[in-house]
Structures are given as C-alpha cells and as structure tokens.
Amino acid sequence: MTETRRLQLHLGKCIEDLDKLHNVDFKSKRATMLCKTAQKLFETAEEAREKGDEEYSYVQYMKYLRVVSYISKDKDYSKDKTYFNSMIGTKNPNKAIDAAENLKNSLIVRYKKEEQAQRLQDIKENELIKQKIDENRKKAMETVVVSDPHGVPGLEEVTIKSEQLYTLLKSGKLKVMIMDARPGKDYIESHINHPACISVPQECISPGQSAHVLEQSLPAASKPVWAERASMDIIVMLDWSSTAFIPGMTLHLLKTILLKWDVKVQYSRQPLALSGGYEDWLLKYPAFTTNPQVIPPSQESTLDDIMLDGIDYPNFSDLSPPPAPVNRVNKPGEPAVDRSSKSAALALYSERARGVATLLEQQERIADTSLTLEMERLKAEQDWEDIRQHREVEQRDEMRAMYKLREQEIISQLMQLENKQYDMEQENLSLREQLEEYQRREKEEAEKLAESIVKASEEIPVDDDVQVAAAASRARIAAVRAQRDALDRRREALETERKRKLAEARAKRKPGREDDGDAYMGSPTDSPGATGLNRSQSSPNIAKVSSDEDESAAPQFDRSTKPPPPKMAPSCELHQRDFQPVWGDVGRGLTGLKNLGNTCYMNSIIQCLNNTAILFTYFCNGQYLEHINRSHSTRGAIAEELAAVVRALWSGQYRFIAAKDLRNEVGKHQRAFRGSEQQDSHEFLTILMDWLHLDLQFTIKPPHKETLGASERAWHEYTKSKESLVLRLFYGQIRSTVRCTVCLAHSPTYDSFSNLSLELPPHAARCTLADCLNLYLNGETIPGWNCPNCKEKRDAVKKLDISRLPPVLVIHFKRFYVDPKEYMCNAYRKKQTYIDFPLEDLDMRQFSLDCPGNPLYNLYAVSNHYGSMEGGHYTAYCKSSVYGKWYKYDDHLVTEIPASEVRSSAAYILFYTSCTRS
C-alpha cells in the first residue's frame, strides 16, 4: 500500500487504543454462527485495507482472529474440523495474521510520527501564543503611554498619580490590581469601583509576614483576585493619605511582603503607591467610588502616636521673662520705662511670641528626629525578628534534611545488603550442589574401596598389625564424619538465626507514617513508553548539611593531571547554574550527585557516562563547542547542560552537586522526566543518547556508495552523512537475515543500535553473559513467511549478527517482564538472575561478523537496580580511568569498592570499552 492511499488516523493515538476495540462478546454464540461472523469480519477488514483505513482494518482483523481462536476451542469444531475450516477459509487465518502484523508495524510508525508532529505543533503554538501575549502587552503599554498625556510611571518610579491610574482603568489595556490597605471597615464603607480592587486590611499586615500567611487572613472576596497577582501588569497600593512608601508604615510593610516574601511570584515591576491615597482619589473621581459621601476617618496627631516620654522638653515658664516687681525702685543709671504704656506691652508680647515660635520649631525638629529614630528602630527589630525566624527555620530544615538523608542512605544500604544476601544464597546453593556431588563420588569410591579390601582379605591372610591399622583407619573416618556432621548442624543453626534477625529488621522498617514519602516504590519496564520505577520523594536539602558529617575519607591524588582548561567560554555559561554544591577536596571524577526526588535513575546513568574517558575529555576540553547543533529541537541545550555537569564532577572540589538545570532541560523535552516519579534508567539512557547525537552533529563528506559493501551502505544511509562523537562511540549495527528453509533464499536487513537489550535464559538462577548473547543471536523459526523466491508461504529462520561493533559497547539486561498470570493487569515482575560477566577481555569475535576494530572489551561501568517491583533504587559502579580503582556512586555518596563486588544480581546495564584506557 502506498503512502498516498492511507487514510488519516482517526480511531486512536497509539496501538494500545486499538487493542481496546477488538474485544468480542462470545456469550450465547454457536460455532456455526461464529463462522459467518468471522467471514464478515475478514471481508470487512479486507475492504478497509483496500480503502487505506489501516486502523479499522487492523481492528477487524484482530476481531476475526479472536473469533477463529474461540471457534477452534469449541467442541463442535473438534468433531468436524474440515467443515468448519472450509467455512472459515483455510488460508484466511494465516493471511489475517500477516496482515495484522504488517498493519501493526505500520501503525506504530505512523503513531510515532503523528506524536512527534503533534509535539512540534504544540511547541510552536505555545511559542506563538507566548510571543503574541508579549506583543499585545508591549503594544498596550506603548498605546497607553502615547495616548495618555500623563503616561505610565517609569520602572524607576514608586508612586502613581490619581490621574494616571484613572487613565489606565478607563483604557483597560493593562491589567491593574488595586490593593486597599486601609482598615477593613473603611474598605467596606467605600472603595474604588474596580473589579480588581481588593481589601488587604491594615490590621492583617504585620512585620515579618510571608505572602502565604497574609493570604490566609484576607477576606474571602479578595482571595480569588489576590491569586491572580502574578499576571497583573501593574499593582497599585493605597491607604488614606500616604504619598510614598515610608519605612515602618503599612504600605511599606505590604510592599516588602510582596517583593521579599512572596517566593512563588515574580513581579514584572515593583508595586506603586497611589499618591495622596484614597483621599486624593475621592476628591478627584468621586463617581468611581462605591460611596462618595464617606466621612473621612478621624486623624489624631502624629506626635500622639509616637512615644516621646524619654524626651525632656523645656518649661515655658522657666524661659519666659520674670514679672516686674511691684514698687521697684530704679537703680541709678537705669532708664525709666513706663510699663503701663501700650508700646511697651506690644514689645513684650512680640518678644514672647518669638520665643514660643523658636520653642515650637525646636519641638518639631525633635519630634521629626524621634520619628525617624523610632522608624529605624522598628525596622531593625523587624529585620532582627525575620533573621531569627529564618535561622530557626533553617535549623529545623537542616535537621530534617539530615534525618531524611540518613534514612535514604539506610534504605539504600538495606536494598543492597538484601541483594548481596540473595547472591550469597545462590552461591551457597551452588557450593552445596558441588559438595553433594563430591560426597556422592566419595561414597561410591569408599564402597568400591571397601569391596576391594574385603576381596583382598578373603584371598590373603591378614596379620594382627594390619587389622589394628584398619581398625584405627575406620575410627579416624568415623571421627571425621562426626565432626563434619557437627559443623553442618552448627552452620544450619547460624543460618536460621541470621534469617530470623533479617526478618525482624525488615519488619521494623516496613511500618511508617502515611504522609512519609521516603519509601522506595516503583514499576520499571523495558519498553521505552512505559512508566519506570516509582521511588518516593528523596530530595532533602543536602546542600545545607554540614560538610563534617561522617563519611569515609577520600584518598589524596595528584592534581597535576587535571584536564586542560576549555578552549573557549561555553555559551551555556552565560546564565548562572544552581549546582547547590557541597564543598570538599575529593579526587577528580569522585563527586556525587544529589538526589532531587527520585532521580537516582538519572544519577546512575550520568556517572556511567561521566566515566567514559573519551566522552568526559571531549566535554572538559571544550571540543564539543565546535559541534553544537542549534537546529535540533533541543537547540544543543542537552549537550551543554551535560557538559556543565561533567566539568563540575571532574573539578575535584565538590563532594556532591545537584544537576537541577540538566534535569529541568530534560523535562522540557520529555514529559515522563518532568515529575518526581521514578523512571527506568535504560529508557533514560536510550533517549539521552539520541538527544546527544542530534545536539552534537557535524557533517562529513559522503562516500561513493559504489565502493561500499551492504553493511557500510546501510550505515551511511542511516547517518545521512551526519555524525557525532556519540554516534562514533556508542552506536553499532545489527544484521538480520531471514532464510527460507526450502530454497535457502535469504533477505538481509540492517539496523543500528546504541545498546544491546538481552533476554535472560528462562527459569535460570545463574547464567553467563555468553548465554544471554547466544540467546539473542541464535536463530528463531518464523512460520508462514512469504518467500520472495518460492512465491509461497514457507517456514523461515531469522538470524541476528552484529555487523558493526562500537568502541563503547552498552549491554542491557531485560530483567523486568509482564507476569503471564496477570497479563491483563500489566503486572510486572523482576528477574533476580545472577549473571556472570567478565571484567576484562570480553571477546566479541564469536558473537559478531568480521568487524573492524578491537573485538576485546574491558568493563568500566555498571548501572545497578536494587529491590523489586515494590521498591527499587539505582546505583552505579565505575572504574576510574585516572586511579584505576572501582567506586560505588550511590547518589551523593561515593566510596571505593573491591573489584569482587562488581558482579551481582543487581547488574542492569553494562558499559564495556575497547579503547585504550589512560
């Protein structure tokens, strides 16, 4: 079917939606009737397929196959198979199977393309909407500024006049919120008539409040408008008559609450105070108030509100001139003054008035100074109280973070100890089987020896010395057997006691508070679209924990071998990153990663990639900057953020950091990684590899296809002459060959891979990596294959071969599977199979074709998954290319481990390299 004949998708958005549509109700259905139904379904499916409706055709084919399957189980069918097969059609079931399989593959590809196209369309629409909103807001601001002579206050201004506010409200082009900070009763009596005018009562505002606390005390009618404050263009505050934000006063406190203690909101500009307050608005625009006849509130003297008891004012009676004595006799030389004259009285009163005026000026100056001092004192007290409260909160947060961190470490240790215990039990079981086999052989040899001794004793007379030696030998054998029996009993007792203590420890840690989110819950899958592990919140504020906490001392290393500095300043350094670093002198590459809430899956993969020698050198020396690709949807941001994290991990100056910016950037482009749910590390690795390849692409000169073999030609068709270091390091190629069992005609195809996903041998407690590779590469029989040579359906054998080995070989084990007993519920289980894999000299020649390059690989990193489907945790084991030792990366904790601990049943993803390690 050609692409142009396909009808548009209309029944669902994924193949799972179609699977819900092909259920058939078989109640009260006879086999003969079902045969007619099957025939109609098959014809309908064929017609829909011819019309190009792949979805409807697929659903009808699946319904047909369900009906045929039901008929084959009917008792009437077993009695007369020939009759029913003729009604169904002998070739129709096989034809329906092939058609349904082809349609399913086609639909999966189409759904994926549709999803990608819809995602791109959503991104473009969101960008256009955001751009349009910004343009409209800008035009509105410009229109208001041009059309209104008063204009909009500049960004540096802190007040707004009533005329300006009136113009803004009348134009309606900007979203304006008015916060009335007068007492609540005054607001009810009269306020500005505007939908976004709310009451923020003066009695609810106090120093040191947060916006959240203030919101709880607001009137019910004000809360919905208050919640929209982040979207407002301008916020205006007012009281009765203030003309500015005076420190310590109501408007200043409210402004401080919004700008400093409203952590959830980022305001476009600082709030403005209405010059002259509500009094000025009421005088100029009484028609735009709810009650223009309101009586102004009583204004008490400002000086009465200020405590001036500590100021000693002069007494007017002490400073006024003393009264003239009665019957005073003038001294010689003094002028005689007539006190009864009018001019003398006026001069005296004028002199007294000047003295009173001087005193009043002094009193006013002292009052102003006292007011300023009082405001400064109140502000200092407020700042002190704020600092004290924040210090107490920080101390509580720090203690809580320490306890949560310790709890997380203990849970992680328990999971790892349980895994080690499982491995020990498996090893003990293997040793016990070997011991039983040895004892069986020993018993058989002893019986044969006893028979030979009996025969010899019958033939040859035995003297007394020989009899004594034989008796002593039997006594020694009996003593050894008794000692071995005692050791077995002692070992069984110790094993019983150990299991009892382990059960008690598990029982103690299972109960917990309902609101405690620190239990590791999860459901990982191997399918890229499935939800991964769900581990609880595990992101304490580790950055605030003291660097003196107990931890194994990091070894001292030679710092002279640090990577060279970057060639140029990365563009991603233009913004400040919040690594939340905890400082500490550790070895290069031995820095941990803080858990940001179920991000252990991401931390494990980052540490494995961080120990890929060529990759971290590529990021540390800045060479990646020459290959940044801005045309991809991620615009190179994923590569830049990963490079920043790698440089921080190799700086050697942090004990651990937080990869917040990388996690946020990943979440922008993949919805599954946005929240705090645990995800599958294999799924994250596969998607990250594709992103990095696209972010770091560079174009090469296309080769002449005529000179290339089939494998190389398929490889260059896949890359389209666009390569990257990630492609050259991690990507390989698989050849799939389908061979007809009759004519032996074969049809090879080639596919690329960034990692090999291997099935585990079924029902095996232990296996080897070679077993998994053989199971993956061995041929499988395909019945009913359309042979292009025979022109008929034949049985065929499908065989996989590795046609191109990458320098870095990543191997993933499919440990998670759907329980067949609970298939309809999608209940996943985990295989705890212990896989024995080599740490050095993995020889891939027997598993691949004649591939160029070095076929010998050394292990350098392992991503582990501990726990089960009910709870899980990821760690990483990595071998440092600098120090040549193995280290365990358990989120923020990095500790050295012996090489003997690398193999375990927790191994989930293996990283091998054929490159020469420095």
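The structure under discussion appears in the preceding block.
Note that the structure is predicted; figures quoted are calculated from it, not measured.

Criteria and cut-off values
- Residues numbered from 1 in each chain as written.
- Predicted model: local features only at pLDDT ≥ 70, side-chain atom pairs only at ≥ 80, totals over all residues.
- Heavy atoms only, no water.
- Buried < 20%, exposed > 50% of the residue type's maximum accessible area, 1.4 Å probe, protein only.
- Helix = DSSP H or I, 4+ residues; strand = E, 2+ residues; numbered from the N terminus.
- Pairing = 2+ DSSP bridges.
- Contact = heavy atoms within 4.5 Å.
- Axes fitted to C-alpha atoms, helices over the stretch in contact; angles between N-to-C directions.
- Patch = residues over 30% accessible without salt bridge, like charges linked within 9 Å, V, L, I, M, F, W, Y side chains within 5 Å.
- Areas by Shrake-Rupley, 256 points an atom, 1.4 Å probe, with all protein chains shown as cover.
- Salt bridge = Lys/Arg side-chain N within 4 Å of Asp/Glu carboxyl O.
- Parallel < 35°, antiparallel > 145°, perpendicular 65-115°, else oblique.
- Nonpolar A, V, L, I, M, F, W, Y, C, P; charged D, E, K, R; others polar.
- Arc of directions from axis to C-beta.
- Phe/Tyr/Trp six-rings, centres within 6.5 Å; stacked < 30°, edge-to-face > 60°.
- Core = buried A, V, L, I, M, F, W, Y, C linked by side-chain atoms within 4.5 Å.

(A) Local environment of the pairing of strand 4 (residues 234-238). Across the 5 residues of strand 4, 5 count as buried, placing the element largely inside the fold. Neither face of strand 4 is left uncovered, since the one carrying I234, V236 and L238 and the one carrying I235 and M237 both have all their residues buried. When strand 2 (residues 176-180) meets strand 4, the two strands line up parallel, connected through 5 bridges. In the sheet register, M177 faces strand 4, and the bridge partner there is I235.

(B) Fine view of the sheet that holds strand 8 (residues 654-657). Taken together, the 3 strands give an open sheet; going across it, the order is 6-8-7, and neighbouring strands pair in mixed fashion. At either margin of the open sheet sits one strand with a lone partner, and together these are strand 6 (582-583) and strand 7 (592-593). With 2 bridges joining them, strand 7 and strand 8 adopt parallel strand pairing. Each residue of the ladder has a partner; that of L593, found in strand 8, is I657. The strands touched by helix 18 (residues 637-649) are strand 7 and strand 8; relative to strand 8, the strand with the most contacts, the crossing angle is about 155°.

(C) Examining a nonpolar patch on the surface more closely. A contiguous nonpolar surface patch, about 230 Å² in accessible area, is contributed by L11, L21 and Y56. Exposure remark for Y56: the relative accessible area of 35% places this residue in the partly exposed category.

(D) Focus on the packing of helix 17 (residues 613-620) against helix 18. Here helix 17 crosses helix 18 at 100°, and the two axes come no closer than 9 Å. Judged by the inter-axis angle, helix 17 sits roughly perpendicular to helix 18. Here helix 17 contributes F616, F619 and C620 to the contact with helix 18, which in turn contributes A639, L642, A643, V646 and R647.

(E) Region of interest: the packing of helix 2 (residues 31-51) against helix 5 (residues 81-88). With their axes 9 Å apart at the nearest point, helix 2 and helix 5 run at an angle of 25° to one another. Between helix 2 and helix 5, the angle is such that the two are roughly parallel. For the pair helix 2 and helix 5, the contacting residues are A31, T32, C35 and Q39 in the first and F84, M87 and I88 in the second. Split by residue class, the contact of helix 2 with helix 5 holds 5 nonpolar, 2 polar and no charged.

(F) Region of interest: the side chain of H627. By the element assignment, H627 lies in the loop between helix 17 and helix 18. Those residues in contact with H627, other than ones at most four positions away along the chain, are Y618, D695, L696, Q697 and F698.

(G) Structural view of helix 5. Burial in helix 5 covers these residues: F84, M87 and I88. For helix 5, the arc enclosing every buried residue in end-on projection is 95°, short of the 170-degree limit, so these residues lie on one face. Opposite the buried face of helix 5, at more than 90 degrees from it, the exposed residues are T82 and S86. Once helix 5 finishes, G89 follows within two positions and takes phi at roughly 105°, a positive value.

(H) View of the environment of Y187. Relative to the assigned elements, Y187 resides in helix 8 (residues 184-189). The class for Y187 is buried, based on a relative accessible area of 12%. Here the alpha-carbon distance between Y187 and V200, two residues 13 residues apart in the chain, equals 9.0 Å. Setting aside residues no more than four positions away along its own chain, Y187 makes contact with D180, R182, C197, I198 and S199.

(I) Structural detail: the environment of P286. Residue position: P286 is located in the loop between helix 12 (277-284) and helix 13 (316-319). Residue classification places P286 among the partly exposed residues on the basis of a relative accessible area of 33%. Separated by 93 residues in the primary sequence, P286 and N193 place their C-alpha atoms 9.7 Å from one another. The residues contacting P286, other than those within four sequence positions of it, are W281 and P292.

(J) Molecular detail of the pattern of salt bridges. One pass over the structure, following the stated rule, counts 22 salt bridges. The shortest N-O distance in the salt bridge between E54 and R6 comes to 3.4 Å. One end of the pair, E54, is in helix 3 (residues 54-72); the other, R6, is in the segment before helix 1 (15-19), with 48 residues separating them in the sequence. Look at E54 and you get buried, because its relative accessible area is 5%. Note that R229 is salt-bridged to D262, the shortest N-O span being 2.7 Å. Of this pair, R229 sits in the loop between helix 10 (223-226) and strand 4 while D262 sits in the loop between helix 11 (250-260) and strand 5 (272-274); the two residues are 33 residues apart in sequence, bridging distant segments of the chain. Summarising the burial analysis for this pair, R229 and D262 share the class buried.

(K) Representation of the packing of aromatic side chains. One pass over the structure, following the stated rule, counts 19 aromatic pairs. Ring geometry for W240 against Y278: centres 6.2 Å apart, planes inclined by 55°, an arrangement best described as tilted. With W240 in the loop between strand 4 and helix 11 and Y278 in helix 12, this residue pair connects regions lying 38 residues apart in the sequence. One exposure class covers both W240 and Y278, and it is buried. On the numbers, 5.0 Å between centres and 45° between planes, the contact of W281 with Y285 is tilted. The same class applies to W281 as to Y285, namely buried. An aromatic cluster of three or more residues is present, and its members are Y166, W281, Y285 and F288.

(L) Local environment of the sheet that holds strand 11 (residues 732-740). Strands sit in the order 12-11-16-15 across an open sheet of 4 strands; the sheet is antiparallel. Of all strands in the sheet, those bounded by a partner on one side alone are strand 12 (746-753) and strand 15 (780-786). Across the sheet, the axes of successive neighbouring strands diverge by a mean angle of 30°, strand direction being ignored. As paired strands, strand 11 and strand 16 (residues 793-804) are joined by 8 bridges and run antiparallel to one another. Pairing of V738 across the sheet is with K798, part of strand 16. Where helix 23 (residues 769-777) meets the sheet, its contacts fall on strand 11 and strand 16, and the angle it forms with strand 16 comes to roughly 135°.

(M) Quick look at unusual backbone geometry. Residue K720 is not a glycine yet carries a positive backbone phi of 55°. Turning to its location among the elements, K720 is positioned in the loop between helix 21 (710-719) and strand 10 (722-723). By relative accessible area, K720 is classed as exposed at 62%. For S721, which is not glycine, the phi dihedral falls at a positive 65°. For S721, the location among the structural elements is in the loop between helix 21 and strand 10. Taking the relative accessible area as the measure of exposure, S721 reaches 15% and is therefore buried.

(N) A look at the nonpolar core. Ranked by internal contacts, the top residues of the largest apolar core, which has 64 residues, are L609, F619, V645, F730 and F911. Here this core takes 9 residues from helix 18, the largest share from any one element. Dropping the residues within four chain positions of it, V645 is found in contact with F579, L593, I606, I657, A659 and L662. Counting 37 residues, the second largest nonpolar core, distinct from the first, contains I411, L756, L800 and L839.

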